[in-house]
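# Residue-level structure breakdown
Chain by chain, the residues run as shown.
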Amino acid sequence: MKNNILSFIILLTIVSGEVLGQKKTTTSTETPKSELPKEKLLEHHKKVYDKAIKYNDMLIAREAVYNMLVIAPERIGLKDTLTYLYYNSGNHVQVILVGKEILEAKPESAEILELVAVSQQNLGLLKEALESFEKLFTLTKDTYHRYNIASLQYMLKRFGECTETLNAILASEESDAMVTISDSRGESQQVPIKAAAFNMRGVIALEINQKDVAKQNFQKALDLYPDFILAKSNMNQVDATETKPQPKK
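All right, on to a nonpolar patch on the surface then. A contiguous nonpolar surface patch, about 330 Å² in accessible area, is contributed by Val93, Leu97, Leu123 and Leu125. You can see valine 93 is positioned in helix H5 (residues 92-105).

Next up, the structure:
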């Protein structure tokens with residue numbers, strides 16, 4: 001995910017704005033007694049939240065947000081904060097549950113939709129993740145999100161759709177976008193997104209036994225980024241199969 005773990009400064013800003021920045025105005029110089037306990041309680045739990053974030057205690061931080069939600073359920077920004085907290089703790093089921101509630105009220109919240117999409121993918125809900133990333137791309141037009149769509153189409157073996165998506169990436173004017181690629185050993189590398197697209201096209205060509213087309217695409221990936229480890233490995237794998245002695249008949 002681009003900018004995978006969001007800064008807790010963002011979370012603090014969200015909570016501060018929701019809890020402390022929206023007090024009702026009154027013509028009286030005194031706060032009405034009916035509002036005073038609520039605001040004091042919110043301020044108390046906000047302080048607990050701040051301390052929990054300071055000491056990286058995510059469980060207490062979530063509890064503080066829950067308490068604020070019980071006191072002020074109308075403040076939907078608190079749910080945004082809760083979703084970020086769950087995401088940063090790897091609680092993907094909860095990200096999806098809370099995120100969907102937020103999206104019912106704010107369907108164009110790209111940030112929350114991205115968290116939901118990534119969580120669905122991490123849980124192996126590939127069809128659901130693909131649908132979420134497709135919605136996300138309509139909002140952002142971000143090439144990175146389009147690459148996520150291609151990756152999911154490949155995993156679902158929708159090779160025709162995947163190739164069309166990759167061709168759209170290669171035809172786009174965004175040439176400086178980067179994406180993280182992991183190899184079979186779990187090692188990650190940042191590469192240009194167009195190099196990654198050529199590499200994926202090569203892998204699809206191998207899937208349908210088009211070795212020459214695969215090599216052409218791997219070479220294009222390496223032309224764009226000579227240090228692309230996975231593309232080198234794929235190219236070497238094709239070369240090895242071509243030089244392997246054929247069994248005698």
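From this point, the narrative continues.
Right, let's talk about the side chain of lysine 194 for a bit. Following the sequence through the fold, lysine 194 ends up in helix H10 (residues 193-207). Buried and unpaired, lysine 194 has no salt bridge, with glutamate 173 as the nearest side chain of opposite charge at 8.8 Å. Within the structure, lysine 194 has its side chain in polar contact with the backbone oxygen of leucine 170 (distance 3.5 Å). Of the polar contacts made by the side chain of lysine 194, one reaches the backbone oxygen of serine 172; its length is 2.7 Å.

Another aspect to go through is the confidence of the model for the protein chain. Averaged over every residue, the pLDDT of the protein chain is 86; residues scoring 70 or more account for 82%. Across residues 4-29, confidence stays below pLDDT 50; counting only partners more than four residues off in sequence or on other chains, it has 46 contacts.

Take helix H4 (residues 77-88) next. Here H4 spans 17 Å end to end across 12 residues, near enough to the 16 Å set by a 1.5 Å rise per residue. The element H4 is largely enclosed, with a buried count of 10 among its 12 residues. Residues Gly77, Leu78, Asp80, Thr81, Leu82, Thr83, Tyr84, Leu85, Tyr86 and Tyr87 constitute the buried set of H4. Directly beyond the C-terminal end of H4, a positive phi value near 75° is found at glycine 90.

As a further point, take the pairing of strand S2 (residues 188-192). Taken together, the five bridges between strand S1 (residues 178-182) and S2 define a ladder with antiparallel strand orientation. By the bridge assignment for S2, valine 179 is matched with valine 191. Hairpin geometry of S1 and S2 is characterised by an intervening segment of five residues between the two adjacent antiparallel strands and by a positive phi of about 85° at glycine 186.

As for its placement among the helices and strands, tyrosine 84 is situated in helix H4. Overall, the relative accessible area of 7% leaves tyrosine 84 in the buried class. Once the C-alpha coordinates of tyrosine 84 and valine 95 are considered, the two residues, 11 residues apart in sequence, prove to be 7.7 Å apart.

Let us now look at the pattern of salt bridges. Taken as a whole, this structure holds nine salt bridges when the rule is applied. Here the salt bridges share partners, and the residues they tie into one network are Lys38, Glu39, Glu74 and Arg75.

Running from N to C, helix H6 (residues 110-122) and helix H7 (residues 126-140) point in directions that differ by 155°, and their axes come no closer than 8 Å. Relative to H7, the element H6 is oriented roughly antiparallel. Every pair of crossing elements has a handedness; the one defined by H6 and H7 is left-handed. Between H6, through Ala110, Leu113, Glu114, Val116, Ala117, Val118, Gln120 and Gln121, and H7, the contact on the second element is made entirely by Leu126, Glu128, Ala129, Ser132, Phe133, Lys135, Leu136, Leu139 and Thr140. In terms of residue class, the contact of H6 with H7 is built from 10 nonpolar, four polar and three charged.

The rules behind each value
- Residues numbered from 1 in each chain as written.
- Predicted model: local features only at pLDDT ≥ 70, side-chain atom pairs only at ≥ 80, totals over all residues.
- Heavy atoms only, no water.
- Patch = residues over 30% accessible without salt bridge, like charges linked within 9 Å, V, L, I, M, F, W, Y side chains within 5 Å.
- Areas by Shrake-Rupley, 256 points an atom, 1.4 Å probe, with all protein chains shown as cover.
- Salt bridge = Lys/Arg side-chain N within 4 Å of Asp/Glu carboxyl O.
- Helix = DSSP H or I, 4+ residues; strand = E, 2+ residues; numbered from the N terminus.
- Buried < 20%, exposed > 50% of the residue type's maximum accessible area, 1.4 Å probe, protein only.
- Lys, Arg positive; Asp, Glu negative; His and termini not counted.
- Polar contact = N/O pair within 3.5 Å; in protein donor to acceptor, adjacent residues only side chain to side chain.
- pLDDT = per-residue confidence, 0-100.
- Contact = heavy atoms within 4.5 Å.
- Expected span 1.5 Å × (residues − 1).
- Pairing = 2+ DSSP bridges.
- Axes fitted to C-alpha atoms, helices over the stretch in contact; angles between N-to-C directions.
- Parallel < 35°, antiparallel > 145°, perpendicular 65-115°, else oblique.
- Left-handed = near helix turned anticlockwise from the far one by under 90°.
- Nonpolar A, V, L, I, M, F, W, Y, C, P; charged D, E, K, R; others polar.

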